[in-house]
4 protein chains.
Amino acid sequence: MVKTVHSKEVTKAAFNRLQERGVNLSDIAEIVYEMQYAYHPALTLADCIDSVNKVLLKREIQHAILVGVELDVLAEERKLSEPLQSIVETDEGLFGIDETIALGASLGYGSIAVTTFGHLDKNKIGIIRDLDTKRGKGVHTFLDDIVASVAANAASRLAHSFRDQEEIAEEDKKQFEDEGIK
Amino acid sequence: MVKTVHSKEVTKAAFNRLQERGVNLSDIAEIVYEMQYAYHPALTLADCIDSVNKVLLKREIQHAILVGVELDVLAEERKLSEPLQSIVETDEGLFGIDETIALGASLGYGSIAVTTFGHLDKNKIGIIRDLDTKRGKGVHTFLDDIVASVAANAASRLAHSFRDQEEIAEEDKKQFEDEGIK
Amino acid sequence: MVKTVHSKEVTKAAFNRLQERGVNLSDIAEIVYEMQYAYHPALTLADCIDSVNKVLLKREIQHAILVGVELDVLAEERKLSEPLQSIVETDEGLFGIDETIALGASLGYGSIAVTTFGHLDKNKIGIIRDLDTKRGKGVHTFLDDIVASVAANAASRLAHSFRDQEEIAEEDKKQFEDEGIK
Amino acid sequence: MVKTVHSKEVTKAAFNRLQERGVNLSDIAEIVYEMQYAYHPALTLADCIDSVNKVLLKREIQHAILVGVELDVLAEERKLSEPLQSIVETDEGLFGIDETIALGASLGYGSIAVTTFGHLDKNKIGIIRDLDTKRGKGVHTFLDDIVASVAANAASRLAHSFRDQEEIAEEDKKQFEDEGIK
């Protein structure tokens, strides 16, 4: 009988894969900070690391990491069959399965995530740029897009949760006022 | 220097991959016929084969086939790393990268394609069911979804082109009438 | 100065809109039950109502309800400009903005939600069928798709949470065994 | 009996709506040029206008324009019901139905269209910026996103067709060489 894989194993594997491929959570958090600090002056890097962590606990993201890194590594080891090997190895301009998988992982975080993903995918910053230009030293055709997706999702999470906090703060203030406290 | 892969090579590889994995164009065309004949009584299987063929000439679909079949075959040969190997081999219920890639390939054909894809993915019919239940004899975790996507796209193409034909027929009729011919 | 709308107001409006248009949460919950009981024999209608409720607390879903019902009502009152008025009023076959909005609301719940949405959109059951065939008595071009999306999302939530519970149960059992308790 | 709306009427209405709202095809073409000239030095503004035109002939895009502009105009005339009126009028930050409709219209043009759309939506340039900041003089909550989508689609079309042309040119050259002509 087939045993299902426990989600803890999948989580552990996804975090390991990122680290093995040279991506630290703080690298992703820095992009998130860059995207969001203009809107939320009180934002700290720790908030961003926390948000990245929460995103990485989602099954859909973990599966995207496992599939994407697997294909990158197989291309690096030249173990894919042709013509896929050449397409992935050269990150061929019209190949879009990498963006499809990464975008699919961002759709769960709403429209802010999707447009932020598109922005990051075009204007590769930080670790995304490092991965994208590290060609020769390794294949990161899938990983750069997935990192952009994780960063976009973490940014969207923050935008939504800041809004929730503002509303709670406003309500508290209103309650004080209603009670004549000020 | 890196050479880009010519699109003819990609096309040829995509058609070959389907055939190697036991999927004939007429198998897909039958699903298309099943989905559309109620709306278009004049529809023939040849129309459906033609529509499937046109869908298979699209780069995005070809790339989806190459990536999906590659992962299926690697899983069959037990060459994926764990836990991805177990996840793909067992077509684990909450794994969704297969649907993400297939859905991504259907988004290009509009909302009829997307809802038809969802329908086919739930109510696996014809070759899709054969692939889905052929477990033990092979891994088709990705391929069954991609075939559903190709069938859905071909069905959507037909729905749109039948509508265009109706409008042209109506215009011709109107022109005859305007000219007093009837 | 422009005041942002508090999320509580949006939530209240979304729930009211559904009720005004004749959609009760239990109607949606019944579809969810229908979709999921085969996989989870212990599932109750109360679980499904709870899941529908949680889905309806999401901003993206609420916004989809507000926009969709607004357009349905405006079409009913013949207040849209032509040719949009005729397109929405007749739920014209190739019009897909209703599916786009509903699908957009389902993308946040992963691939199970998307394929379930496609299935429900094709095989309209329960309240979705009632809305779809109630033509003449009212326009529900957008609402039937949005209800399908809410039901699909609630079904996907349940599938994921049942899996989480199974894993926790398994861990508890394992822990007992490890401690020699059994 | 209900008459279906002829696609020519829909096409005409969509083009008119853009013009009425102050969007010229050349405004959109300029954005396309800006996005693509770096990759294709031979690109002309006329190529871009042609590509925008082709995109605007697609049903899904036309429907998105009709729905989006309708909602903008109704918000301008304060004819939407609350809280939707305030949300659309202020282009409320977490409202995403505008992006959902626009993104839905871009999904048909592949991953280049989607990432370009995200980029344009974040870094509003040209007419998109004009629409976005024209607040007070009018509501363009939906239209700025839809214009971004049309521009992104036209850019993606060009990227794909340039690639096709390169391949044809290469084949012609090869044929000359094969025939010993040079």
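Per an unreviewed UniProt entry, chain A is named Phosphatidylglycerophosphatase A, and its organism is Bacillus seohaeanensis.

1. So, the overall build of chain A
Counting its secondary structure elements, chain A contains 9 helices and 0 strands. Ordered by position from the N terminus, the helices and strands of chain A form the series α-α-α-α-α-α-α-α-α. Burial statistics for chain A: of 182 residues in total, 58% are counted as buried. Across chain A, contacts joining residues at least 24 apart in sequence account for 70% of those joining residues at least 6 apart.

2. With respect to the relation of the copies chain A and chain B
Here chain A sits on chain B after a turn of 180 degrees about the axis and a move of 0.0 Å along it, with an RMSD of 0.0 Å. Such a turn and shift between the copies fits a two-fold axis. Within chain A, A:Ile101 has its C-alpha nearest the rotation axis, a separation of 3.2 Å.

3. Some details on the relation of the copies chain D and chain A
When chain D is fitted to chain A, the residual RMSD is 0.0 Å, and the transformation amounts to a turn of 180 degrees plus an axial shift of 0.0 Å. Of the residues that chain D buries at the interface, 100% are likewise interface residues in chain A, meaning the two copies contact each other through the same surface.

4. Let's talk about unusual backbone geometry
Residue C:Pro83 is bonded to the preceding C:Glu82 through a cis peptide linkage, with omega at 5 degrees. Examined against the element boundaries, C:Pro83 turns out to sit in the loop between helix H4 (59–76) and helix H5 (84–90). Not every positive phi belongs to a glycine, and B:Asp91 is a case in point at roughly 50 degrees. Examined against the element boundaries, B:Asp91 turns out to sit in the loop between helix H5 (84–89) and helix H6 (97–106). Residue classification places B:Asp91 among the buried positions, given a relative accessible area of 18%. Even without glycine at this site, C:Arg78 takes up a positive phi of about 55 degrees. Relative to the assigned elements, C:Arg78 resides in the loop between H4 and H5.

5. A short note on the side chain of A:His160
For A:His160, the location among the structural elements is in helix H9 (residues 143–178). Relative accessible area serves as the criterion here: at 18%, A:His160 is assigned to the buried category. Those residues within four positions of A:His160 in sequence are excluded, and the remaining contacts are A:Ile112, C:Arg59 and D:Leu94.

6. A word on the packing of aromatic side chains
Applying the stated criterion across every chain, the model contains 8 aromatic pairs over all chains. The interplanar angle of 10 degrees and the centroid separation of 5.3 Å between the aromatic rings of A:Tyr33 and A:Tyr37 together place this pair among those described as stacked. We classify A:Tyr37 as partly exposed; its relative accessible area is 41%. Ring centres 6.0 Å apart and planes at 80 degrees place the aromatic pair D:Phe95 and D:Phe142 in the edge-to-face group. Within this pair, whereas D:Phe95 is found in the loop between helix H5 (84–89) and helix H6 (97–106), its partner D:Phe142 is found in the loop between helix H8 (127–133) and helix H9 (143–178), the two being separated by 47 residues in sequence. Both residues of the pair, D:Phe95 and D:Phe142, belong to the buried class.

7. A word on the interface of chain A and chain B
With 31 residues of chain A at the contact, the number on the chain B side is 31 residues. Taken over both partners, the interface formed by chain A and chain B buries close to 2,600 Å², and the fraction arising from carbon and sulfur atoms is 77%. Its largest share of buried area at the contact with chain B, chain A owes to A:His63, A:Pro83 and A:Ile97, together 19% of the area lost on that side. Run the count over chain A and chain B and you get 0 salt bridges. At 9 residues, helix H4 (residues 59–76) of chain A tops the list of elements feeding residues into the side of chain A that touches chain B. Of the residues that constitute the side of chain A that touches chain B, the class distribution is 17 nonpolar, 7 polar and 7 charged.

The rules behind these values
Position numbers for residues count from 1 along each chain, tracking the sequence in the order it is written. By the order in which they are written, chains take letters starting at A while ligands take numbers starting at 1. A pLDDT threshold of at least 70 governs which residues receive local features in this predicted model, and a stricter bar of 80 or more applies before side-chain atom pairs are shown or counted, although totals over entire chains, interfaces and linings include all residues. Water and hydrogen atoms were dropped before computing side-chain values, which therefore reflect all heavy atoms in the structure. Here a helix means four or more residues in a row that DSSP labels H or I, a strand means two or more in a row labelled E, and each is numbered from the N terminus. Whether a residue is buried, partly exposed or exposed follows from its accessible area with a 1.4 Å probe, protein chains only, as a fraction of its type maximum: under 20%, in between, or over 50%, in that order. Only heavy atoms enter the contact rule, under which two residues are in contact if any of them lie within 4.5 Å. Alignment of copies: least-squares fit on C-alpha atoms of residues with pLDDT of at least 70 in both copies. Under the pairing criterion, centres of Phe, Tyr and Trp rings, with the six-membered ring standing for Trp, must be within 6.5 Å; the plane angle then separates stacked pairs below 30 degrees from edge-to-face pairs above 60, leaving the rest tilted. The buried area of a pairing is the accessible area, by a 1.4 Å probe, that goes missing from both parts when the two are put together, added over both. Take a side-chain nitrogen of Lys or Arg and a carboxyl oxygen of Asp or Glu: if they are within 4 Å of each other, that pair is a salt bridge. Classification convention: Asp, Glu, Lys, Arg as charged; Ala, Val, Leu, Ile, Met, Phe, Trp, Tyr, Cys, Pro as nonpolar; all other residues, Gly among them, as polar.

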